[in-house]
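Now for the letters of each chain:
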2 protein chains.
Amino acid sequence: MTQTTTQNSAEEPFILEEFIPFKLAVLSDAVSKLIARDYSDRFGITIAEWRVMALVSQYDEVRAQTVVEKTPMDKVAVSRAVASLVDKGLLEKRTSQADRRSALLHLSAKGNTIATDIQAVAKVHNDDVLQALTTTEQAVLHAILDKLIVQARNLTQ
Amino acid sequence: MTQTTTQNSAEEPFILEEFIPFKLAVLSDAVSKLIARDYSDRFGITIAEWRVMALVSQYDEVRAQTVVEKTPMDKVAVSRAVASLVDKGLLEKRTSQADRRSALLHLSAKGNTIATDIQAVAKVHNDDVLQALTTTEQAVLHAILDKLIVQARNLTQ
DNA sequence: CGGTATTGGTTGCAAATGTAACGAAAATGA
DNA sequence: TCATTTTCGTTACATTTGCAACCAATACCG
């Protein structure tokens, strides 16, 4: 851990609500709950399932490992989301010819339709949240979040 | 839900990684895991427990309900964190004379010492993360997060 | 008052999540 | 080429979390 505290920091009162990790948790939690409820009500899927669908939709065909790399989900979470989506008939798995350990995921016709619907809803959610900001602020936010995500990854070795 | 999508949004490809709710989840998750591991290793407490300690330390004496209002934790989570802290001898509960349903929380001597230590560590974590940003960006981030937290609360009715 | 509703917090149970172990396939390398 | 290690994904088990029911105390209101 890097030492970057100022020397007079001990004198400043400690205010939890002003800590970035806390603020991020508060915000992310609020937004996630909002969205999770909506996706569950409208489409009967979880956020984890939605992430898998979104990635499969984007890349057309992905392996579970790819989902693990691109989301904050571990392989168990992905495995379970995939199983559930297959169960619901939204996703199909076919074993890769190149590597028979891994399965290639792709959306079923039904899955494709629903993915399109959710994408529209997701965009509305995104816009709803961002409505509180000016266009400039939105751009700055994106840039800052990108930097911080990189930083967080660096701090995790 | 407010309709704010632009009319040509259907033509833009959908990219999960660029959605603010997703970015926030990725970042918050990474930062939280980083911190959770550290607090657990160094002090043997969870983030939930740390939040309770921080608030009790700040306000000197609080009720469980106050913790619920100021954090993204529900009353069950707070109840359990409090029970665990009492168990560890870091927190004390005394029933309020004004309302004997509620308990007033305050730190034990040991709890106070540890709280001070964690506050220092928390500041370092905060600074470590923010190191990726300029001073201006840090200020902008705070302002934007505040706006978004308000917005998220408004969207949840 | 006296009954009903509300609030503060805990507990029990079910669902979700994380960790570790696992089997199957592929990569490594002696 | 055969033994060993690594990778892919699943499964089993333990822990955590969330929801609903709950008890106790207060507030509300006829």
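Below, the structure is looked at part by part. (Residues numbered from 1 in each chain as written. Chains lettered and ligands numbered in written order. Predicted model: local features only at pLDDT ≥ 70, side-chain atom pairs only at ≥ 80, totals over all residues. Heavy atoms only, no water.)

1. A look at the interface of chain A and chain B
Reports of interface size often rely on the accessible area that becomes lost once the parts have come together. Selection criterion: Residue contacts are counted whenever heavy atoms from the two residues lie within 4.5 Å of one another. Here the quantity called buried area is the accessible surface, traced with a 1.4 Å probe, that two parts lose on coming together, added over both. One side-chain nitrogen of Lys or Arg within 4 Å of one carboxyl oxygen of Asp or Glu is enough to make a salt bridge. We define a polar contact as two N or O atoms separated by no more than 3.5 Å, with the added condition that, inside protein, one atom must be a possible hydrogen donor and the other a possible acceptor, whereas residues neighbouring each other in sequence contribute only through side-chain atom pairs. The secondary structure listing takes helices from DSSP runs of H or I that are at least 4 residues long and strands from runs of E that are at least 2 residues long, numbered from the N terminus.
With 68 residues of chain A at the contact, the number on the chain B side is 68 residues. Of the roughly 6,800 Å² buried between chain A and chain B, counting both surfaces, carbon and sulfur atoms make up 70%. Scanning the region where chain A abuts chain B turns up 4 salt bridges. As a salt-bridge pair, D146(B) and K23(A) come within 2.8 Å of each other at their nearest N and O atoms. The tally of links between chain A and chain B comes to 18 residue pairs in polar contact (both at pLDDT 80 or more). Residue assignment for the side of chain A that touches chain B shows that the elements contributing at least two residues are α1 (20-43), α2 (47-59), α5 (109-130) and α6 (135-155) of chain A. If one sorts the elements of the side of chain A that touches chain B by residue count, α1(A) sits on top with 18 residues.

2. Observations regarding the pairing of strand β3 (residues 103-107) of chain A
All names here are of chain A. The condition that has to hold: Partly exposed residues are those whose accessible area sits between 20% and 50% of the maximum for their type, while under 20% is buried and over 50% is exposed, using a 1.4 Å probe and protein chains only. In this scheme, strands are said to pair when DSSP sees at least two bridges between them.
Burial of β3 is extensive: 4 of the 5 residues sit out of reach of the surface. With 2 bridges joining them, strand β1 (residues 62-63) and β3 adopt antiparallel strand pairing. What sits directly across from V62, in β3, is L105. Note: strand β2 (residues 91-95) against β3, 5 bridges, orientation antiparallel. Within β3, the residue paired with E92 across the bridge is H106.

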